[in-house]
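Architecture at a glance
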Amino acid sequence: MRAKIVAGNWKMNKTLEEGLSLASEVVNMVADEVSGDVKVVLCTPSIYLHAVGKLVSGKVSLGAQNAYEKESGAYTGEVSPAMLATVGVKYVILGHSERREYFGETNAQLAERVNLVLKQGQTPLFCCGETLQQREKGIHLDFVKQQLTESLFHLSAEQIAKVVIAYEPIWAIGTGVTASKEQAQEMHALLRAHLASKYGQVAESISILYGGSCKPDNAQELFACKDIDGGLIGGASLKARDFVDVIKSF
Ligand code: 13P
């Protein structure tokens, strides 16, 4: 059985006070309303991790939105997986399309980050996804496969089994346009087949999350797809009621 995971990516939103109140609301609502074995992750801005880490409990864990590929040193403004571990971070988003686009993160750099995150015993939430232009040209499947090959295929089978993948089509992020369940399932199945081509049966145990305008009113049909094991949620994770309703879509 693959782990079912719903992670909220707050991106660069909320004051500290708002973030703490959102986190407590989510933790309480999840405890009261969510049954079953779904795992919930709150990926807060890094400056709030320490404080939110004191509030999470039960099914809810702490996640970071990024980490640098060095253990420590003269890298002003950056945060390492080892530092994140000291404040209780269990999951780290890597390679979000916004980081790739605005901060120039490359597949090779992400491969190094995956290594360090795994070394800390944390779970990488490795993001991949194509632009609308790539989809229209029909090169989206190859493009996303290449993101996996270049950032993950150096891992051993034991290591890849600890990675969670998030497919986030860039054209669906923050646009209100979600991928149809057919489009999402097609890509998820392809990613799993690609993982199987290298890692065999291990691919069956790897959770692949969908992200991109996933909300309470479409989560259920997406999560019902055979190869979709949860979601990486942006906008809808900023309101406790919406986020918990997405979680309850399982
Ligand atoms: P939205 O849910 O706001 O489209 O964002 C998705 C996302 O980028 C999560 O990482």
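Residues numbered from 1 in each chain as written. Predicted model: local features only at pLDDT ≥ 70, side-chain atom pairs only at ≥ 80, totals over all residues. Heavy atoms only, no water.

To continue, consider the environment of C214. In this structure, C214 sits in the loop between strand 7 (208-211) and helix 10 (216-223). According to the relative accessible area criterion, C214 is buried, its value standing at 4%. It is 9.0 Å that separates the C-alpha atoms of C214 and V177, two residues lying 37 residues apart in sequence. Setting aside chain neighbours within four positions, we find C214 in contact with A219, L222, F223, I233 and A236. (Helix = DSSP H or I, 4+ residues; strand = E, 2+ residues; numbered from the N terminus. Buried < 20%, exposed > 50% of the residue type's maximum accessible area, 1.4 Å probe, protein only. Contact = heavy atoms within 4.5 Å.)

With that settled, consider the environment of V41. Assignment of secondary structure puts V41 in strand 2 (residues 39-43). When the C-alpha positions of V41 and G8 are compared, they lie 6.1 Å apart, and in sequence the two are 33 residues distant. Those residues in contact with V41, other than ones at most four positions away along the chain, are I5, V6, A7, G8, S61, L62, G63, Y91 and F243.

Okay, the packing of helix 10 against helix 11 (residues 240-247) next. Between helix 10 and helix 11, the shortest axis-to-axis distance is 8 Å and the interhelical angle comes to 20 degrees. With respect to helix 11, the axis of helix 10 lies roughly parallel. Remark: the crossing between helix 10 and helix 11 carries right-handed chirality. In contact with P216, A219 and F223 of helix 10, helix 11 contributes D242, D245 and V246. Residues that form the contact of helix 10 with helix 11 fall into these classes: four nonpolar, no polar and two charged. (Axes fitted to C-alpha atoms, helices over the stretch in contact; angles between N-to-C directions. Parallel < 35°, antiparallel > 145°, perpendicular 65-115°, else oblique. Left-handed = near helix turned anticlockwise from the far one by under 90°. Nonpolar A, V, L, I, M, F, W, Y, C, P; charged D, E, K, R; others polar.)

This part takes up the packing of aromatic side chains. On inspection of all chains with the given rule, the structure shows four aromatic pairs. Summarising the aromatic geometry, the rings of Y68 and Y75 are spaced 5.3 Å apart at their centres and angled 45 degrees between planes, so their arrangement reads as tilted. Judged by relative accessible area, which is 17%, Y68 ranks as buried. Considering the side-chain rings of F223 and F250, the 4.7 Å spacing of their centres and the 20 degrees angle between planes classify their relative orientation as stacked. Of the two residues, F223 is situated in helix 10 and F250 in the segment after helix 11; the sequence distance between them amounts to 27 residues. For the cation-ring pair, R99 lies above F103, with the distance from its terminal atom to the ring centre recorded as 4.0 Å. For the cation-ring pair, K198 lies above Y199, with the distance from its terminal atom to the ring centre recorded as 5.8 Å. (Phe/Tyr/Trp six-rings, centres within 6.5 Å; stacked < 30°, edge-to-face > 60°. Lys NZ or Arg CZ within 6 Å of the ring centre and 35° of its normal.)

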